[in-house]
Amino acid sequence: MTESTPIISIKGLTKTYDNGHQALKGVDLDIREGEILALLGPNGAGKTTLISTICGLVSPSSGSVTVAGYDIIKDFRKTRELIGLVPQELTLGAFEKVGNTVAFSRGLFGKSPNNKFLEELLNELTLGDKKDSMVQQLSGGMKRRVLIAKALSHEPRILFLDEPTAGVDVELRKDMWNIVERLRQSGVTIILTTHYIEEAEEIADRVGVISGGELLELEEKTALMEKLGKKQLVVELKNSIDAIPAQLSDYGLELSANGTKVTYTFDARKERTGMTALLSDLSQAGLSIKDLNTAQSSLEDIFVDIVKADA
Amino acid sequence: MNIEAVKAIYRAEMRRTRNTLLQSVAAPVISTALYFVVFGSAIGSRIESVDNVAYGAFIVPGLMMLSLLTQSISNASFGIFFPKFTGTIYEVMSAPISFFEILIGYVGAAATKSFILGVLILITATFFVDLRIAHPFWMIGFFLLTCVSFSLFGFIIGLWADNFEKLQLIPSLIITPLVFLGGSFYSVDMLPEFWQKISLLNPVLYLISGFRWSFFEVSDVSVGVSLSMILLFLFACMVIVWAMFKTGYKLKP
Ligand SMILES: Nc1ncnc2c1ncn2[C@@H]1O[C@H](COP(=O)(O)OP(=O)(O)OP(=O)(O)O)[C@@H](O)[C@H]1O
Ligand SMILES: [Mg+2]
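Note that the coordinates shown come from a computational prediction; the quantities given were computed from them, not determined experimentally.

The rules behind these values
Residues numbered from 1 in each chain as written. Chains lettered and ligands numbered in written order. Predicted model: local features only at pLDDT ≥ 70, side-chain atom pairs only at ≥ 80, totals over all residues. Heavy atoms only, no water. Core = buried A, V, L, I, M, F, W, Y, C linked by side-chain atoms within 4.5 Å. Buried < 20%, exposed > 50% of the residue type's maximum accessible area, 1.4 Å probe, protein only. Helix = DSSP H or I, 4+ residues; strand = E, 2+ residues; numbered from the N terminus. Contact = heavy atoms within 4.5 Å. Pairing = 2+ DSSP bridges. Buried area = accessible area lost by both parts, 1.4 Å probe. Salt bridge = Lys/Arg side-chain N within 4 Å of Asp/Glu carboxyl O. Polar contact = N/O pair within 3.5 Å; in protein donor to acceptor, adjacent residues only side chain to side chain. Nonpolar A, V, L, I, M, F, W, Y, C, P; charged D, E, K, R; others polar. Near = heavy atom within 4 Å. Areas by Shrake-Rupley, 256 points an atom, 1.4 Å probe, with all protein chains shown as cover.

**Student:** How should I be thinking about the nonpolar core in this particular structure?
**Tutor:** Counting 140 residues, the largest nonpolar core has Ile8, Leu50 and Phe160 of chain A together with Phe155 of chain B as the members making the most contacts within it. At 14 residues, helix H3 (residues 55–86) of chain B tops the list of elements feeding residues into this core. Apart from residues lying up to four places away in sequence, phenylalanine 155 of chain B is in contact with Ala76, Ser77, Ile80, Ile102, Leu103, Tyr106, Val107, Val241 and Phe245 of chain B. Leu237, Leu248, Leu253 and Leu282 of chain A belong to the second largest nonpolar core, which has 13 residues in total.

**Student:** Is there a simple way to think about the pairing of strand S6 (residues 83–86) of chain A in this case?
**Tutor:** Side chains on a regular strand alternate between the two faces of the sheet. All names here are of chain A. A two-sided burial pattern is seen for S6, the buried positions comprising Ile83 and Leu85 on one face and Gly84 and Val86 on the other. Inspection of the sheet shows S6 paired to strand S7 (residues 158–162) by four bridges, in the parallel sense. Counted as the bridge partner of isoleucine 83 is isoleucine 158 from S7.

**Student:** I would appreciate a short explanation of the interface of chain B and chain A in the present structure.
**Tutor:** For interface size, the figure often reported is the accessible area lost on association. Counting residues at the interface gives 25 residues for chain B, matched by 31 residues for chain A. Here chain B and chain A share an interface that buries about 2,400 Å² over both sides, 59% of which is from carbon and sulfur atoms. Counting across the chain B and chain A interface gives two salt bridges. In this structure, lysine 150 of chain A and glutamate 91 of chain B form a salt bridge, with 3.0 Å as the shortest nitrogen-oxygen distance. Taken together, the links from chain B to chain A amount to seven residue pairs in polar contact (both at pLDDT 80 or more). The set of elements that each furnish at least two residues to the side of chain B that touches chain A consists of helix H1 (3–19), H3 and helix H4 (89–93) of chain B. For the side of chain B that touches chain A, the element with the highest residue contribution is H1 of chain B, accounting for seven residues. For the side of chain B that touches chain A, the residue count by class is 13 nonpolar, seven polar and five charged.

**Student:** Any chance you could explain the side chain of serine 67 of chain B here in plain terms?
**Tutor:** Residue and element names in this part refer to chain B. Tracing the backbone through its elements, the reader meets serine 67 in helix H3. Residue class for serine 67 comes out buried when judged on its relative accessible area of 8%. The residues touching serine 67, leaving out its near neighbours within four places in the chain, are Thr32, Ser72, Leu117 and Ile121.

**Student:** Any chance you could explain the site of ligand 1 here in plain terms?
**Tutor:** Residues in close proximity to ligand 1 total 16 residues, the closest being Asn43, Lys47, Thr48, Thr49 and His195 of chain A. Residue neighbours of ligand 1 fall on chains A and B, so the site bridges chains. A distance of 2.7 Å is found between an oxygen atom of ligand 1 and a side-chain nitrogen or oxygen belonging to lysine 47 of chain A. In the model, an oxygen atom of ligand 1 is placed 2.5 Å from a nitrogen or oxygen of the threonine 49 of chain A side chain. Alone, ligand 1 offers 630 Å² of accessible surface; in the complex the protein occludes 69% of this. Here the shell around ligand 1 gets three residues from one element, more than from any other, and that element is helix H1 (residues 47–55) of chain A. Of the residues that constitute the shell around ligand 1, the class distribution is five nonpolar, nine polar and two charged.

Here's what the structure looks like:
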């Protein structure tokens, strides 16, 4: 497979549920092999619908999806054996042992039994001593680990994590990111959905923003932040001032308590940031500059901006 | 063909039976033994024989059918309904597996259970009555066909039902009456002529008649008709299940 061929290619995908609700309104998305893609979006945005469609749980209304070049409907066997899915809900059978249910998943995806592999997988997820426990006796976090083990049991090349950190403690989160990192190194493509922006910021290569069934943005994480982020320019002055000089009132500057720092907030999306003008106006006002600093806003701010703008 | 997946489903289903051994095997065996005590010994001792077969023995095929039908349906319907109910069906639906393979896994397991159950009932029966099987080959044939076709029927009910009430509806409202009125405990010519005619509309009658013939060579209708009826039923179930799968019936939004 060449560099440019996407592992998943989604074209014009729409989904209208039987009750008439249109959950996806024409999504186009190419997912690169080996990347970590985070899908960000508020409740009801269509994230789960999108993932479910790729995995074969929801029939698309129109459009097409290919996985590794195969159509998800015509060649469903080829596409599905490449995919592992950790669902959003904690769905596990009641009267089953952990070891059995994980072995079941492996079989379901057509892989011959491999106890050694499954044992290592359970150990990695700190489920080693829970092999013979009944799943209904596990805590919520443990159940999520079991779901991850099930999704990885057949050694998929693509992993979907639908809100993997909902109701998960710090330790499991850390374990999970370790696994994600190991998987990424072995070339697995990972798609995760989340409401938590720090999460996307922490681990994703690219971030897609979904709202109202549409993919609003898709960018390299850094590019997205650069492109969309509010930036702040902090100017440190040599000498403290009591008030912002009147001729600078248009910039909406903020003065720090001790009068030595002036903060200018600008939108990095705009062609003209006004920085150059500000700096020359500052020296015209007789203020001399000691240091300059720019700070970037977090994905969270970006995200709120995009979704608001769309509403 | 994803053999591993079929094996996985089959094994998981058989495991489920082991976990509920008492309910799925012991209960039907005990209730069958009770039928023998009540109908075979207590009442049967007052009934001389039916078509020259001792009454106790006469009811054995009907009792087996009664259990096979109800248990095949309940096992198979529950087998597919439960994962639908808990949501774990997502895994099967997202696996590289065709509907046909899902069917083999679930229906195969349910039919196996029924078969084991039937054998147990047969063994139980030998403690109460003298049994001879005139046509063992036909007997096994009817036995297997019944297990498979009614497990398939149960699977359809399990797919169709979206609540527990519906799950029970058809078995208790339709199947049980049909089995009781299908000549489990009597020969149809013991009925008034009018009811004999009505009985011929009951598909289960053909099943029990054919099965009984394979034991005692006595039947209400000819064995060929019986065989055709059960094959027709099996075929109808297959068509229904195929149509359901084709449309992703109630499994895929
Ligand atoms: N089976 C269904 N039938 C009808 N509507 C549905 C169905 N499943 C989801 N929806 C609707 O489709 C929309 C998108 O739902 P989806 O679950 O994809 O959102 P999401 O982005 O995953 O949300 P969340 O962050 O809450 O998980 C919602 O408005 C939801 O109510
Ligand atoms: Mg969701």
